[in-house]
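Residue strings, one per chain:
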Amino acid sequence: MSDILQSLIDIVGEKGVSNEPEELWFYSRDPGVLAPHKPDYVVAPKTTEEVQKIVQLAGREKIPVVPMGNGMSLAGLVIPLKGGIVLDMKRMNKILEVNPMGRYAVMEGGTSQGALKSYLQKNHPTLRHSLPDAPPTTTIAANVSLHGQGRLTNQYGFNSDMVTGLEMVLPTGEICRIGSPSIGPYWFSKGPTLPDLSGLFLGWLGATGIITKVGLKLFPNKKIRDVELFVTDRVELVPQILYKLTHLEVCEDINVWFQPKPQMFLGNFHVTIFFTGDTEDEIEFKRKMIWDSLQEHMDAKDGGFMSVQYMKSTLLEMPGRTIADFADVPKGGGFEYSGPIALIEHYPQYAAKVVELAQKYNVLYASAARLISGGHAMMFSISFAFNRDDAAMMERVEKALDEAMTFALDMGGIPWKPNHKEQKMLLERMEPNARKLLLMIKKNLDPQGIMNPGNWEVNA
Amino acid sequence: MTTIRHIEHEQIVHRCFRCGYCKYPSDYSDFNCPSYKAFGWDTFAPGGRMWLTRAWLHGEIETSARFAEIMFSCVACDNCKDQCVFPKFKDFLPDIFQETRAELVGEGRIPPGVRDYFKAVAVSGNPYKLPQSERGDWAKGTGLKPYTNQKYLFYAGSVGSYDEVGKRMAQSVGKMLVDAGLSVGILGAEEGCDGNDVRALGEMGLFAQLAQANIDTFKAKGVKEIITLDPHALNTFKKDYPALGGKFKVQHYSEVLAELIKKKKIKLKAYPVKITYHDPCYLGRHQQIYSAPREILKAIPKAEFVEMHRHGANAFCCGGGGGNFFTDILGTAEDSASRVRVREAAETGASILAVACPNCAKMLTDAVKMENLEDRLEVLGLAEILERARK
């Protein structure tokens, strides 16, 4: 047995470490199209102190460490590109505190989105968090680490904007609290009024440290949720429609989606509008506002509200279980998407590009955009499904996604959860002093380059 | 990609997205896959098994003790089948895992506990290696007679015939059926192992022999209707035996007792106690029988029935399904299914944890001891509870 394996066992016990071929094979890949790379060890810590000791060991031995939640980014962000240790964080899953009056929760980083949702439903039914549409196994730390979005993103911004404090294990092995918990016992602010140090970690994909605890904002869970679905076949009107809807300030979540299958959806752009209320009067008032705001488009016969009765429960379901269905449309177990953050006014160009790329590479597309912060931007997903048993199709999807990202950057968009190739594209275009600043941060926090290497590797 | 091994549903394995819905109940409150809960690696979750099976079929990973442990730690609870979000192939997940185990059996690379289980059943006719002649001893004092031409055959199964906890359960059911005036008999020393768990563990040859022997015996005796103690037996009698020519009307004892209570053949007096109920996987998710056990418990005057958080189709397995009752691959650590389950039962404040399966009864009785809950929680079969409430 190697010294490193024994040292890892000493830290987490035999049941917390594996270098068996089965775990090394599985943890070398994610469900996307990027090539796998094997780790040397998979380790599952249960406490912050165990994470600290593992990082200290990795630092001494100069071994890469890749923190992993459920590994569902689809962008290969937890593929250990340079081997080393994959840290499966899912055993750190305790919900530590809910402050109902302060509307925040504190939990270990490996807590799943599903577990938090369920816990709040059971113990604090008037509160909710911004649940992503990723599978419920997705962890809270991974989601904020990659600037995830959720059902409340239109109202309150990226899920990382909702962080109210962090506990980090730094690449040196030091444990560090960020925000109000660095000063006192309360987890209500990740930064303001202090210098916001959370930016040293959020969006860094584990390349500057490991999130072991997260404070997260909670929001009112209204008694009634409802949904309206506006449909138009005129893509050029979509930005105006979205502008009018966001002006109302009554919609908790707005998505725009289009897809060629099933054929009843082909050629139309579907604007799904979610809103909430504590009374039927409130719901009807908001519904009237939504309908009134788009009346001129209905009068002009450019679109109309579609009955949602037969798919209402599907649309309101959180997380949306049917979203994963796209992976099986080509009977094949996979899809991947590029999700640039872009201006709403660019929606028509992005929409055209999706169809163009799908035709060029002969792959199946779907697209769903989610509005961010009342319409300041949108996440525009360019999704392509593939058959995992068809290597050529997977290659075509990879090429289509590369081209999609080039297009997004040309349009002035910025990639969401960029894979290692997209990170390089982004850095090449970045203003040099901004790149220099990133380098400074990375070098100072992780001088040995052990944290998720291959990601955010900034060349001088 | 070249496939070097084959299973019947190999055309499906690549379609798993490993999204992980399969390891939860429908409200995502906790992990509902017993092996994932116990081992904590993604490889031990249904998605892990799907992806590893594909790698193994293609020769990307070799047969190993670890691979076998991963495959044989599945307790066949069917939660993954219910929770998977892919309607076009979700029903085949348990088949894929079973077929992979069968392939491993064919290669002769199985965990020692599984091997010993097969050997015991093959040699002794039961996993306990106890004499066949003692198989019907449990029925002494119950009033049950050997099956001749009664309306019903009461099938006790190996756990009900040999295990102390199982025998108590069988005795209480047997007495209840006799006292209610049912025309019922047992096979005693002529009863054979039902083979459900042998099949789940992938020994298809042994299963075929056991099933055929049982079918021949049932037919020779003129059996038409069977009441089973064990949901495992119920499952294979209903699901697998018909294809082998064994078509009988099969009911679980909970269905029969519920009916007898409705017909007032069993009369109950007040029994003020708080009871919760554990759904056995082979009765619930496999056979969709959820209401009969609850009807029984709710019929007891003054008894308070309370559900565990995970119940019905979302129930968490006791860990004894799919042969793990005998092979014990899940172990008895803090996160083993049975210990998690009794903690959940205790949270309800109930003093009785009702069970409808002798395997569950044994698993949970042991777990109550391990969790030091003996003063708070008693594990009892449905008929054992009825005995206390009978007029």
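Residues numbered from 1 in each chain as written. Chains lettered and ligands numbered in written order. Predicted model: local features only at pLDDT ≥ 70, side-chain atom pairs only at ≥ 80, totals over all residues. Heavy atoms only, no water.

Chemist: Quick question: what am I supposed to make of the sheet that holds strand 3 (residues 184-186) of chain B here?
Modeler: Strands belonging to one sheet form pairs held by backbone hydrogen bonds; the direction of such a pair is parallel or antiparallel. Residues and elements named next belong to chain B. Strand order in this open sheet of 5 strands is 1-3-2-4-5, and the pairing throughout is parallel. Two strands bound the open sheet, and with one partner strand each, they are strand 1 (145-146) and strand 5 (249-252). Relative to the sheet, helix 11 (residues 231-239) contacts strand 2 (152-155), strand 4 (225-228) and strand 5, its axis offset from that of strand 5 by approximately 155°. (Pairing = 2+ DSSP bridges. Helix = DSSP H or I, 4+ residues; strand = E, 2+ residues; numbered from the N terminus. Contact = heavy atoms within 4.5 Å. Axes fitted to C-alpha atoms, helices over the stretch in contact; angles between N-to-C directions.)

Chemist: Sorry, what's going on with the packing of helix 12 (residues 391-410) of chain A against helix 13 (residues 420-429) of chain A here?
Modeler: Residue and element names in this part refer to chain A. Where helix 12 contacts helix 13, the axes come no closer than 11 Å and their chain directions differ by 25°. By the angle between their axes, helix 12 is roughly parallel relative to helix 13. Crossing of helix 12 against helix 13: the hand is right-handed. In contact with Glu 398, Leu 401, Asp 402, Met 405, Thr 406, Leu 409 and Asp 410 of helix 12, helix 13 contributes Lys 421, Glu 422, Met 425, Leu 426 and Arg 429. Each residue belonging to the contact of helix 12 with helix 13 can be placed in one class, and the counts come to 5 nonpolar, 1 polar and 6 charged. (Parallel < 35°, antiparallel > 145°, perpendicular 65-115°, else oblique. Left-handed = near helix turned anticlockwise from the far one by under 90°. Nonpolar A, V, L, I, M, F, W, Y, C, P; charged D, E, K, R; others polar.)

Chemist: Explanation requested: the domain arrangement of chain B in the structure shown.
Modeler: Quite often, the size of an interface is put as the accessible area lost when its parts meet. Residue and element names in this part refer to chain B. If you check the domain split of chain B, you get domain 1 (13-110), domain 2 (127-258) and domain 3 (267-389). Computed from C-alpha coordinates alone, the two centres of domain 1 and domain 3 are separated by 26 Å. For the pair domain 1 and domain 3, the summed buried surface comes to about 1,600 Å²; carbon and sulfur atoms form 55% of the total. Applying the counting criterion to the domain 1 and domain 3 interface returns 1 salt bridge. Measuring nitrogen to oxygen at the nearest pair gives 3.9 Å for the salt bridge that ties Arg 310 to Asp 30. Linking domain 1 with domain 3 are 10 residue pairs in polar contact (both at pLDDT 80 or more). For the side of domain 1 that touches domain 3, the secondary-structure elements that each account for two or more residues are helix 1 (34-39), helix 3 (65-72) and helix 4 (79-83). At 5 residues, helix 1 tops the list of elements feeding residues into the side of domain 1 that touches domain 3. Tallied by class, the residues present in the side of domain 1 that touches domain 3 amount to 10 nonpolar, 7 polar and 6 charged. (Domains from an automatic or database assignment. Buried area = accessible area lost by both parts, 1.4 Å probe. Salt bridge = Lys/Arg side-chain N within 4 Å of Asp/Glu carboxyl O. Polar contact = N/O pair within 3.5 Å; in protein donor to acceptor, adjacent residues only side chain to side chain.)

Chemist: Explanation requested: the interface of chain B and chain A in the structure shown.
Modeler: On the chain A side, the residues contacting the 44 residues of chain B number 50 residues. Area buried by chain B at its contact with chain A is led by Phe 17, Arg 18 and Trp 41 of chain B, which between them contribute 21% of it. The partner of Arg 15 of chain B in a salt bridge is Asp 328 of chain A, with the nearest N and O atoms 2.8 Å apart. On the surface where chain B and chain A come into contact, there are 17 residue pairs in polar contact (both at pLDDT 80 or more). Among the residues making up the side of chain B that touches chain A, the classes are represented as 23 nonpolar, 11 polar and 10 charged.

Chemist: Would you mind showing me how to read unusual backbone geometry here?
Modeler: Of all residues except glycine, most have a negative phi; of all peptide bonds, most are trans. Of note, the amide linkage connecting Pro 192 of chain A to Thr 193 of chain A takes the cis form, showing an omega dihedral of 10°. Of the consecutive residues Met 318 of chain A and Pro 319 of chain A, the connecting peptide bond is found in the cis state with omega at -10°. Secondary-structure assignment places Pro 319 of chain A in the loop between helix 10 (312-316) and strand 16 (333-338). Residues other than glycine seldom take positive phi values, yet Trp 456 of chain A does so here, at roughly 45°. With respect to the helices and strands, Trp 456 of chain A occurs in the segment after helix 14 (432-445). Among the residues examined, Trp 456 of chain A registers a relative accessible area of 10% and is labelled buried. Positive phi is not limited to glycine here, since Asp 328 of chain B has a value of about 55°. If you trace the backbone, Asp 328 of chain B turns up in the loop between helix 14 (324-327) and helix 15 (337-347). For Asp 328 of chain B, a relative accessible area of 40% translates into the label partly exposed. (Buried < 20%, exposed > 50% of the residue type's maximum accessible area, 1.4 Å probe, protein only.)

Chemist: Hey, could you run me through the environment of Val 173 of chain B in this one?
Modeler: Residues and elements named next belong to chain B. Along the chain, Val 173 turns up in helix 8 (residues 164-179). For Val 173, a relative accessible area of 0% corresponds to the buried category. Expressed as a C-alpha distance, the spacing of Val 173 and Gln 251, which sit 78 residues apart in the sequence, is 13 Å. Contacts of Val 173, omitting those with residues within four sequence positions, involve Phe 154, Leu 229, Tyr 253 and Ala 383.

Chemist: Quick question: what am I supposed to make of the sheet that holds strand 8 (residues 163-169) of chain A here?
Modeler: All names here are of chain A. Reading across from one edge, 5-6-10-8-9 is the order of the 5 strands in this open sheet, with antiparallel pairing throughout. Strands with a single pairing partner mark the edges of an open sheet, and in this sheet they are strand 5 (95-99) and strand 9 (175-178). Neighbour to neighbour, the strand axes of the sheet diverge by 10° on average, direction disregarded. Here 4 bridges tie strand 8 to strand 9, and the two strands are oriented antiparallel to one another. Across the sheet, Leu 166 pairs through a bridge with Ile 178, a residue of strand 9. Against the sheet, helix 4 (residues 113-123) engages strand 5, strand 6 (104-108) and strand 10 (210-217), with an angle of about 45° to strand 5.

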